[in-house]
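Below, each chain spelled out in residue letters.
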Amino acid sequence: MPCPPQSSDELVFFVNGRKVTESNVDPEVTLLAFLRKNLSLTGTKYACGTGSCGACTVMVSEHDPVSKKIRHFSVAACLVPICSLYGAAVTTVEGVGSIKTRIHPVQERIAKSHGTQCGFCTPGMVMSMYTLLRNHPQPSEEQLMEALGGNLCRCTGYRPILESGRTFCTSVSGCPQKGTGKCCLDQTEDDSSPLGDKHDMCTELFAKEEFQPLDPTQELIFPPELLRMAENSEKETLTFYGERVTWISPGTLQDLLELKAKHSEAPLVLGNTSLGPAMKSQGHFYPVLLSPARISELRVVSTTSDGLTIGAGCSLAQVKDVLSESIAQLPGEKTRTYRALLKHLRSLAGQQVRNVATLGGHIVSRHCYSDLNPIFAVGNTTLNLLSEEGTRQIPLDRHFLAGLTQSADLKAQEILESVHLPYSQKWEFVSAFRQAQCHQNALSHVNAGMRVLFKEGTDIIKDLSIAFGGAGPATRIAHKSCQQLLGRRWNEMMVDEACRLLLDEVSLPGSALGGKVEFKRTLLVSFFFKFYLQVLQELKAQLKLLSLPESWDSQPHPDIAERFLSALEDFQVTIPQGVQTYQKVDSHQPLQDPVGRPVMHLSGLKHATGEAIFCDDIPRVDKELFMALVTSTRAHAKIISIDSAEVLALPGVVDVVTAEDIPGTNGSEDEKLLAVDEVLCVGQVICAVVAETDVQAKRAVKKIKITYEDLEPVVFTIEDAIKHNSFLCPEKKLEKGNIEEAFNNVDQIVEGEVHVGGQEHFYMETQRVLVIPKSEDKELDIYVSAQDPAHVQKTVSSTLNIPFNRIACHVKRVGGGFGGKVVRPAALGAIAAVGATKTGHPIRLVLDREDDMLITGGRHPLFGKYKVGFMNNGRIKALDIECYINGGCMLDDSELVTEFLVLKLENAYKIRNLRFRGRACMTNLPSNTAFRGFGFPQGTLMTESCITAVAAKCGLPPEKIREKNMYKTVDKTIYKQAFSPEALIKCWNECLDKSSFRSRRMHVEEFNKRNYWKKRGIAIVPMKFSVGFAATSYHQAAALVHIYTDGSVLVTHGGNELGQGIHTKMLQVASRELRIPMSYMHICETSTVTVPNTIATAASIGADVNGRAVQNACQTLLKRLQPIIKKNPEGIWEDWIEAAFEQRISLSATGYFRGYKAFMNWEEGEGDPFPYYVYGAACSEVEIDCLTGAHKKIRTDIVMDACCSLNPAIDIGQIEGSFIQGMGLYTTEELQYSPEGVLYTRSPDEYKIPTITDVPEQFNVSLLPSSQTPLTIYSSKGLGESGMFLGSSVFFAITDAVAAARRERGLAEDFTVRSPATPEWVRMACADRFTDMVGSH
Ligand SMILES: Cc1cc2nc3c(=O)[nH]c(=O)nc-3n(C[C@H](O)[C@H](O)[C@H](O)COP(=O)(O)OP(=O)(O)OC[C@H]3O[C@@H](n4cnc5c(N)ncnc54)[C@H](O)[C@@H]3O)c2cc1C
Ligand code: FES
Ligand code: FES
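Residues numbered from 1 in each chain as written. Chains lettered and ligands numbered in written order. Predicted model: local features only at pLDDT ≥ 70, side-chain atom pairs only at ≥ 80, totals over all residues. Heavy atoms only, no water.

**Student:** Before we move on, can you summarise the overall build of the chain with the specific residues and values?
**Tutor:** Looking only at helices and strands, the chain has 40 helices and 48 strands in total. Since a compact globule built from 1337 residues should have a radius of gyration of about 34 Å, the 32 Å found for the chain is in line with a globular shape. With the principal axes as the frame, the chain shows a C-alpha extent of 95 × 80 × 70 Å. For the chain, buried positions account for 64% of its 1337 residues. Across the chain, the fraction of contacts at a sequence separation of at least 24, relative to all contacts at a separation of at least 6, is 78%. (Helix = DSSP H or I, 4+ residues; strand = E, 2+ residues; numbered from the N terminus. Rg over C-alpha atoms; globule rule 2.2 N^0.38 Å. Buried < 20%, exposed > 50% of the residue type's maximum accessible area, 1.4 Å probe, protein only. Contact = heavy atoms within 4.5 Å.)

**Student:** How would you sum up a positive patch on the surface? Please name residues and give values.
**Tutor:** Taken together, the side chains of Arg875, Lys877, Arg912 and Lys968 make up a positively charged region of the molecular surface. By secondary structure assignment, the location of Arg875 is in the loop between strand S32 (862-870) and strand S33 (876-886). (Patch = residues over 30% accessible without salt bridge, like charges linked within 9 Å, V, L, I, M, F, W, Y side chains within 5 Å. Areas by Shrake-Rupley, 256 points an atom, 1.4 Å probe, with all protein chains shown as cover. Salt bridge = Lys/Arg side-chain N within 4 Å of Asp/Glu carboxyl O. Lys, Arg positive; Asp, Glu negative; His and termini not counted. Charge placed at Lys NZ, Arg CZ, Asp CG, Glu CD.)

**Student:** Describe in detail the sheet that holds strand S18 (residues 476-477), supporting the description with residues and values.
**Tutor:** Read from one edge of the open sheet, four strands run S15-S16-S17-S18, paired in antiparallel fashion. Lying at the two open borders of the sheet, with one neighbouring strand each, are strand S15 (428-436) and S18. In the sheet, strand S17 (residues 461-469) pairs with S18 via two bridges, with the strands oriented antiparallel. If you follow Phe468 over to S18, its bridge partner there is Arg476. In this fold helix H11 (residues 336-347) packs onto S15 and strand S16 (444-454), with an angle of close to 15° to the strand it touches most, S15. (Pairing = 2+ DSSP bridges. Axes fitted to C-alpha atoms, helices over the stretch in contact; angles between N-to-C directions.)

**Student:** So what's going on with the site of ligand 1? Residues and values would help.
**Tutor:** Near ligand 1, the surroundings consist of 35 residues, among which Leu270, Thr273, Leu275, Thr358 and Asp371 are the closest. The contact in question runs from an oxygen atom of ligand 1 to an N or O atom on the side chain of Thr358, over 2.6 Å. A distance of 3.3 Å separates an oxygen atom of ligand 1 from a polar side-chain atom of Arg434. When ligand 1 is considered free in solution it has 980 Å² of accessible area, and contact with the protein chains removes 94% of it. Elements supplying a minimum of two residues to the shell around ligand 1: helix H13 (359-365) and strand S14 (415-422). Per-element accounting of the shell around ligand 1 gives the leading share, five residues, to H13. (Near = heavy atom within 4 Å. Polar contact = N/O pair within 3.5 Å; in protein donor to acceptor, adjacent residues only side chain to side chain.)

**Student:** A description of empty space enclosed by the protein should follow, citing residues and the corresponding values.
**Tutor:** Picture a little ball the size of a water molecule; that probe, rolled over the atoms, points out where space is still empty. Summed over all chains, the structure comprises eight cavities of 30 Å³ or more. Here the largest cavity is characterised by a volume of approximately 140 Å³. Taken together, 19 residues line the largest cavity, and the ones lying closest to its centre are His114, Thr116, Gln117, Ala1209 and Ile1210. Put simply, the parts of the chain that give the lining of the largest cavity at least two residues each are helix H6 (159-166) and helix H36 (1208-1227). When residues of the lining of the largest cavity are assigned to their parent elements, the largest contribution, six residues, is made by H36. Here the lining of the largest cavity is built from residues that sort into eight nonpolar, nine polar and two charged. (1 Å grid on protein atoms, 1.4 Å probe; cavity = no way out; pocket = protein on both sides within 12 Å on 5 of 7 lines; lining within 4 Å. Points joined across faces, edges and corners; volume = space filled by probe spheres on them. Nonpolar A, V, L, I, M, F, W, Y, C, P; charged D, E, K, R; others polar.)

**Student:** Describe the packing of aromatic side chains, and please don't skip the residues or the numbers.
**Tutor:** For the coordinates displayed, the defined rule picks out 33 aromatic pairs. Considering the side-chain rings of Phe13 and Phe34, the 5.8 Å spacing of their centres and the 55° angle between planes classify their relative orientation as tilted. With Phe13 in strand S1 (residues 11-15) and Phe34 in helix H1 (residues 31-38), this pair connects stretches of sequence that are 21 residues apart. With a relative accessible area of 2%, Phe34 lands in the buried category. (Phe/Tyr/Trp six-rings, centres within 6.5 Å; stacked < 30°, edge-to-face > 60°.)

**Student:** Go over the nonpolar core with me, naming the residues and quoting the values.
**Tutor:** If you look at the biggest cluster of nonpolar residues, it comprises 255 residues, and the most contacted ones within it are Phe468, Trp490 and Phe528. For this core, the element with the highest residue contribution is helix H18 (residues 517-544), accounting for 14 residues. If we skip the residues at most four places from it in the chain, Phe468 touches Pro374, Val446, Asn447, Ala448, Met450, Ala474, Thr475, Arg476, Leu502, Val506 and Leu524. Of all hydrophobic cores here, the second largest spans 39 residues; its members include Leu323, Val353, Leu372 and Tyr423. (Core = buried A, V, L, I, M, F, W, Y, C linked by side-chain atoms within 4.5 Å.)

**Student:** So what's going on with helix H29 (residues 936-954)? Residues and values would help.
**Tutor:** For H29, with 19 residues, the first-to-last C-alpha span of 27 Å sits near the 27 Å given by 1.5 Å per residue. Counting buried positions over the 19 residues of H29 gives 16, a clear majority of the element. Gly955 sits one or two positions beyond H29 and adopts a positive phi of about 70°. (Expected span 1.5 Å × (residues − 1).)

**Student:** Got a sec to walk through the environment of Ala649? Specific residues and values, please.
**Tutor:** With respect to the element layout, Ala649 can be found in the loop between helix H21 (645-648) and strand S22 (653-657). A sequence separation of 51 residues divides Ala649 from Ala700, and the C-alpha atoms of the two residues are 9.8 Å apart.

**Student:** Outline the sheet that holds strand S40 (residues 1081-1082), supporting the account with residue identities and numerical values.
**Tutor:** Within the open sheet, the four strands sit side by side as S40-S39-S38-S42. Their pairing is mixed. Each edge of the sheet is formed by a strand with only one pairing partner; in this case those strands are S40 and strand S42 (1148-1153). As judged from the five bridges shared by strand S38 (residues 1037-1043) and strand S39 (residues 1049-1053), these two strands associate in the antiparallel manner. Bridge pairing links Ala1039 to His1053 in S39. Each of S39 and S40 is contacted by helix H33 (residues 1062-1074), which is oriented at about 125° to S39, the strand it contacts most. On top of the sheet, helix H34 (residues 1102-1127) reaches S38, S39 and S42; it is set at about 140° to S42, its chief contact.

**Student:** Which residues make up unusual backbone geometry, and what values go with them?
**Tutor:** Both trends apply: most residues other than glycine have a negative phi, and most peptide bonds are in trans. A cis amide bond links Glu712 to the next residue, Pro713, at an omega of -10°. Looking at where Pro713 falls in the secondary structure, it is placed in the loop between strand S25 (705-710) and helix H23 (718-723). Residue Ser1315 is joined to Pro1316 through a cis peptide bond whose omega torsion reads 5°. Along the polypeptide, Pro1316 turns up in the loop between strand S48 (1312-1315) and helix H39 (1319-1325).

**Student:** I'd love a proper account of the side chain of Thr1086, names of residues and values included.
**Tutor:** Summarising the element assignment, Thr1086 is placed in strand S41 (residues 1086-1087). For Thr1086, a relative accessible area of 2% translates into the label buried. For Thr1086, the side chain forms a polar contact with the main-chain oxygen of Gly1055, separated by 2.8 Å. Leave out the neighbours within four places in its chain, and Thr1086 touches Cys809, His810, Val811, His1053, Gly1054, Gly1055, Asn1056 and His1063.

**Student:** Break down the side chain of Ser52 for me, with residues and values.
**Tutor:** Along the chain, the position of Ser52 falls in the loop between H1 and strand S3 (57-63). Here the side chain of Ser52 touches Thr50 through a polar contact of 2.9 Å, side chain to side chain. Once residues within four sequence positions are removed from consideration, Ser52 is found in contact with Gly150, Leu152, Asn441, Pro1244 and Asp1245.

**Student:** Hey, could you go over the pairing of strand S10 (residues 301-304) for me, with residue numbers and the actual values?
**Tutor:** Pairing of S10 with strand S11 (residues 307-311), which is carried by four bridges, proceeds in the antiparallel orientation. The partner of Thr304 across the bridge, within S11, is Gly307. Here S10 folds back onto S11, and the loop between the two strands holds two residues.

**Student:** For the packing of helix H17 (residues 492-505) against helix H40 (residues 1329-1336), give the residues involved together with the corresponding values.
**Tutor:** Put simply, H17 and H40 touch, their axes get as near as 10 Å, and they point 40° apart. The way H17 lies across H40 gives a crossing that is right-handed. Facing H17, whose interface residues are Glu492, Val495, Asp496, Cys499 and Leu503, H40 presents Arg1329, Phe1330, Met1333 and Val1334. Here the contact of H17 with H40 is built from residues that sort into six nonpolar, no polar and three charged. (Left-handed = near helix turned anticlockwise from the far one by under 90°.)

**Student:** Before we move on, can you summarise H6 with the specific residues and values?
**Tutor:** A large share of H6 lies buried, amounting to eight of its eight residues. Among the residues making up H6, those that are buried are Arg159, Pro160, Ile161, Leu162, Glu163, Ser164, Gly165 and Arg166. For H6, the secondary structure elements touched by its buried residues are helix H3 (105-112), helix H4 (122-135), helix H5 (141-148), strand S19 (580-583), H36 and strand S47 (1258-1263).

**Student:** Summarise the pairing of strand S34 (residues 913-921); cite the residues concerned and give the values.
**Tutor:** Successive residues of a regular strand alternate their side chains across the two faces of the sheet. Most of S34 sits inside the fold, with eight of its nine residues counted as buried. With five bridges joining them, strand S26 (residues 732-736) and S34 adopt antiparallel strand pairing. Across the sheet, residue Lys736 finds its bridge partner in S34, namely Leu914. Remark: the S33/helix H28 (residues 894-904)/S34 crossover connection has right-handed handedness. (Right-handed = clockwise from strand over helix to strand, strands pointing away.)

**Student:** Provide a residue-level description of the packing of H36 against helix H38 (residues 1288-1304), including the pertinent values.
**Tutor:** Contact geometry of H36 with H38 gives a least axis separation of 7 Å together with a crossing angle of 40°. One element, H36, and the other, H38, form an angle in the oblique class. Of H38, the residues touching H36 (which contributes Phe1219, Met1223, Tyr1226 and Thr1227) are Ser1288, Ser1289, Val1290, Phe1291 and Ile1294. Looking at the contact of H36 with H38 residue by residue, the class counts come to six nonpolar, three polar and no charged. (Parallel < 35°, antiparallel > 145°, perpendicular 65-115°, else oblique.)

This is the structure in structure tokens:
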């Protein structure tokens, strides 16, 4: 303990209007932990703990001592130290509204606009919007986008969330005709669409008129007590002593300086957005923390004759406002540095982080990726330092940034008081550049600040300054290069010279963190080229106003050719627009019958108020303990010893659970729950620590000492696995026709390779389980976030060696699964159950995001080779595909995924001679598992890549090849299952039509002729997706329906609510069957007690099969009631139920569905593996920036065959959500490993799922007019997975644009396809003089 133990001051703040007084507060506790544990306010969610996902967003209100106003701002509660809240008011989602009292318009609208699916992100979304509305009751759409930029959602695809927010906006720029049933976007090339009468179609998914208006006078006021505290604030120092850390918050600047002199090693905590993550993940520890939050001098902004001085304690959001104001007021030439800063302040992190991260914290942290420091550095910024000894100024220059010389740095006792930002001058130009994996909320790969000053009235460089971020361990200033360019003229010759100098000076070692060295070096020079063009443009405009000097006239500058101007524009964030079209229900359908109507998700309102209970929201149970897992740090090694002696002596630690504690079986021989003797990957679970609190358990796991002896071989990649003959299961093969003969009779043959990267599920709710042992008969209650509770039950049973009937697994709802919660929760549940039986205590196990990403695996990466033979007209005659997936170290679902992959490879194409082979590789990586689409999204990317390769060879557009080879009539698949492609053709034609494909293809070509540095691409892909499992027993389902004597109905079925709306659909079914409104009905949970022996909720089949079971149960009940109804036809439901009870008629029934017939005979290569197909088509258009690799999505049109949708709002939600998830797979989501097999990308900072700014600017979805299929419930179709693959239309649009760039540059078509098409891939594929320069350097 650094300070003598004394009594802490009292921490006073408000939460939701209630005063909180804490006299023993621990400075290490965050607001999130405090809300959830101390106040039981579980509406605020944990999903990442690093400020990067927005799930924990709450609003903080503070009295600003400088402006004397109340400031409301959103924060990420996971980063806010509880002690920093002294005198603040916190509003959580519970404080905004509740279904028990009154819901807030924000909550109502997000739910009714279908903006919630699993609902785990929803409280955070609500709080971001609510805070926006507190500050701007009628926000602009730009403000809405900005407010939501830091919130991730993995389910919805964001469109409906934005839609709900837009209902508050002033000017809504959507289609004015939307809602009239006819929208301008509905106009097609051929308005005589063959697909039914347009008047049956509808574009309204919710009724805006029902929304209650926003009344800002109804909001919670800032507590008067806090106002009084702020106004009469005593300037005394507050001190809070924790177990390990002391928090000191001085009341005056003088006290702060004294404290800083006394505790010179103690950091200042401002926003805690740099310090917090470093303490959490990098093990930094400081016994004393100094908080200058109450020092108003650090927040002062002043204007001097030559610039602005901004207090170091101002948040980045405040800096943004100050700069915007100056830009609006001052002449443009003075604010060039400010505009450059503003550009980066818009995309830096999310709003929650910008609201608390301070200018001082940003500068002093000196992160290598800092977006602002390069601009500060080139902008001649001065840092005003303060200590007890007085003030001092130092420049924010290369010496400061490198932090190497003491005189150029802060001394230990100094603080940064303010930052002086000088105005730019007349002949001075400043620009900023950044390129990240995606536009918003992503750290940049490389960024830059550049400034040039010309000799007055000339183009001669008088001063030049260039700084880069991301290109080394600190911000790099290219000082030498700049010096050598002084006196040079601003022309093309200078550009070449400058690029050469920059590449020489800013070297990046091959081993640079994060890799991507060639790409980063290419960006250095590409940015400079952009700067050159920007300045040239502005300089010429400025010089035109003067009479030109002689030197200028003698060497006239050519105008920048119009084709090159496109290098100058950055992609702007635009607000997505779109139309969702579906068929109205038949006008004769009774109003009470909800089937086919866009009914809101049953839990929608509870998601929005935070009242929906997820697994970790279950209140702490008596004597509960917490478990944390110890995982392997080696990829392949022998375990020599596990030493837990030190850990067992730690405070709070209760036990360590190892394989020896397992009373039953430890998984199977090849898939052990807890490793014994040998580990097969980094992240494999070896043992677990049980402690009184989560913090104690997590600290303790780091202290378990495991000694290893490395083993050979270590295999990570598919290529290595093939070399070592390392496979998990035998090859799966399908063949049709005579492939060898066919290759002899074709005009051309092309061969190529396809690489598809893996994907992390990134469900917002990480894996979690609560096991409660009961006192009798070895009974256990298990609450788990799982897609297959029966599998959890089975695994726990074999692990503990107790029968199934003692184990009750409960799933209330799951915060996203996407396949990742089919297999994995069983192992976690079993390990927790071992802990529970060993200790006799309830055990809670909640994986941190880092551990979840490390341990649980994801989508299988794929590598494949193809050979395709075709005629010159594009007719494909033979296709031979051999592919491998990376299964990781255990079998899991890899064999099944291989089978599905091979079965589905043909997609929508009829090719007479085919050979498909697939194999799962065994590697030393965590086992990969089920993931939405189950191999289809990877496999079909191969097939579609063959199509584009054929198109390139034939000189025809890919859509022609697709059309030519598509199934057209009733036919048989490669595995000889008969089907009709009628709906496929309809989707294709409708998509071509709705997207105005042909005319837009021409516009794209025109655009590409006119623009050299930006290229557009367009692509349309068809889809035939088979639904279900290839085994009849996997399609069975059961339900249990009780009618109580008050008439209310409890429905239970075997499907789990993952956000896909299965419970909503089940009540729609029950409502139709029993002919009573849904309001009579309830679903409580899915449980192995009520419906046993269930199958996983997966394969898009959940609503189908469970719907049939619910229907069956309801029909049984109705049949029993018929005689009573007949007797009293005018009676009401309650009367009939009462009478039935009187007459001893059972009011409870089970329902059962035996399943669709499905089988596959792999020996014969034939079968009926799938009950039915979903067809669809998607067209996407993108624009790429050839200099940076960035892209923007201009438009996507999807047409999907949902047959008779049970609920069009839910189905469109599934299509949009899976499309965006697919887009992530194919464009931004990139897993990276160290050479030792350690996953680098373990947080949303490093692994980029799509954000709100990634939604296509125009995003239209339409469902084909209904058709009948007798097989499924009310002729509906399961749409959970199919949309994933349609995300590849964006991938193919990007590759189309890249191909256009390569053609123009005279480069050969490259037939190696790599997904994801990241900015790195795009930039390097658009090879040019800059990539050449890098290559030759
Ligand atoms: C999710 C997330 C996304 C991000 N994205 C980006 C991004 O895209 N681009 C980017 O550039 N940055 C990004 N950042 C980094 C962010 O800009 C910095 O973390 C932030 O600016 C630090 O400010 P702070 O007030 O939180 O500092 P703190 O964490 O409070 O402090 C950081 C350090 O600064 C010192 N310090 C703070 N103030 C002073 C002072 N006045 N005098 C002396 N020392 C001081 C402290 O002692 C401490 O060592 C991101 C951060 C997060 C969490
Ligand atoms: S949990 Fe706080 S931002 Fe993700
Ligand atoms: S609804 Fe957004 S994460 Fe599930």
